[in-house]
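If you want the building blocks of each chain, they are given just below.
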Amino acid sequence: MKLTAETETTEDVSKNEDDGVITTTKTITTKTVQSRVAAKPMSPFAKFRQLDKQNSATSPLNSPLTPSTPKTPGGSAAPYFKFTDPALSARAATVKEQLLQWCQNKTMEYENVQITNFSTSWCDGLAFCALIHHFLPDAFDYSALTPQQRKHNFTLAFRVADEKAGIAPLLDVEDMVMMRKPDWKCVFTYVQSIYRRFRNAE
C-alpha cells in the first residue's frame, strides 16, 4: 500500500468598506490518500529461494542436514518421500542419489538424455520430457523433440505434467530458459513431485 499527500488551497476574499481595506484569507488543507500498488508477481524460482533462505535462517548451525539433502517447503528436514526399493536403497546412500538413479532408470532409453545431476542434465528440457513421456507415452511424440528447442521442451513437459498428471508447475519456463546451470534444489524439488505422482505407476 502506498500513501500520497494531496494539498488543497482555498481563498476567501472579504472587503471592509469603512477603511477600504481588502482582506484575503487562504486556507491550506492537506489530505492523505491511500492507494494500492499492485505487487509484481514472484516467479517460482524466487519463491523457492525465499523459502530456502527462511529455512536456512531458522536452522541451527550444527544441523545434521547436508547440501545433498535439501529441505522441503514445509520447513521440515525430512524429504518428501522414502524409497522402499531395497535395490535402490542398497546402491545409493542418500535420497538425492536414490532419486537420481530412479530418473536414470526411467530415461535410459531416451535419445539426448543423460542424467548425472539435478542441474545441467536438465538444462534443455529433454530430461523432463523423457521422464514425463515414460509414464505418459501417448501425451506427445518424444522423437520430434530436439535439444535446441529448449523453451518448447520445458513448456511441453510442465504443461503435460500439470494437465495430465496434476503435478504443479513449480518451475518457471522463462527462468529455466535463462539458465544453462539451473538451481539443483529447485529441479530436485520438482522431480520429487514427479516421483511422488508416479512411484506406484509401475
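First, a word on what this report is: a plain description of the structure on this page.

Thresholds, definitions, all that
Residues numbered from 1 in each chain as written. Predicted model: local features only at pLDDT ≥ 70, side-chain atom pairs only at ≥ 80, totals over all residues. Heavy atoms only, no water. Axes fitted to C-alpha atoms, helices over the stretch in contact; angles between N-to-C directions. Helix = DSSP H or I, 4+ residues; strand = E, 2+ residues; numbered from the N terminus. Left-handed = near helix turned anticlockwise from the far one by under 90°. Contact = heavy atoms within 4.5 Å. Parallel < 35°, antiparallel > 145°, perpendicular 65-115°, else oblique. Nonpolar A, V, L, I, M, F, W, Y, C, P; charged D, E, K, R; others polar. Salt bridge = Lys/Arg side-chain N within 4 Å of Asp/Glu carboxyl O. Buried < 20%, exposed > 50% of the residue type's maximum accessible area, 1.4 Å probe, protein only. Expected span 1.5 Å × (residues − 1).

**Thoughts on the packing of helix 3 (residues 95–107) against helix 7 (residues 184–198)**
Then, number 1: Closest axis-to-axis distance for the helix 3/helix 7 pair is 11 Å, and the angle between their directions is 65°. Here helix 3 runs over helix 7; the crossing is left-handed. Here Val95, Lys96, Leu99, Trp102 and Cys103 of helix 3 lie close against helix 7, whose contacting residues are Trp184, Phe188, Val191, Gln192, Ile194 and Tyr195.

**Thoughts on unusual backbone geometry**
Then, number 1: Its identity is not glycine, yet Asn112 carries a phi of approximately 65°, on the positive side.
Then, number 2: If you trace the backbone, Asn112 turns up in the loop between helix 3 and helix 4 (126–135).

**Digging into the packing of helix 4 against helix 5 (residues 150–165)**
Then, number 1: One can describe the packing of helix 4 onto helix 5 by two numbers: an axis separation of 8 Å at closest approach and a directional angle of 30°. By the angle between their directions, the pair helix 4 and helix 5 is classed as roughly parallel. Along this stretch, helix 4 crosses helix 5, giving a crossing that reads as left-handed. For the pair helix 4 and helix 5, contact is made by Leu126, Phe128, Cys129 and Ile132 and by Asn153, Phe154, Leu156, Ala157, Phe158, Val160 and Ala161, respectively.
Then, number 2: Looking at side-chain class alone, the contact of helix 4 with helix 5 contains ten nonpolar, one polar and no charged residues.

**Let's talk about the pattern of salt bridges**
Then, number 1: Tallying each qualifying case throughout the model produces two salt bridges.
Then, number 2: Here Glu174 makes a salt bridge to Lys151, at a shortest N to O gap of 3.0 Å. One end of the pair, Glu174, is in helix 6 (residues 173–178); the other, Lys151, is in helix 5, and 23 residues separate them in sequence.
Then, number 3: Exposure remark for Glu174: the relative accessible area of 40% places this residue in the partly exposed category.
Then, number 4: Classification of Lys151 as partly exposed rests on a relative accessible area of 45%.

**Points about helix 5**
Then, number 1: With 16 residues, helix 5 ought to run about 22 Å at 1.5 Å a step, and its terminal C-alpha atoms sit 22 Å apart, in line with that.
Then, number 2: Within helix 5, burial applies to Arg150, Asn153, Phe154, Leu156, Ala157, Phe158, Val160, Ala161 and Ala165.
Then, number 3: Looking at the buried residues of helix 5, the elements they touch are helix 4, helix 6 and helix 7.
Then, number 4: In the segment just after helix 5, Gly166 is the residue with positive phi, at about 70°.

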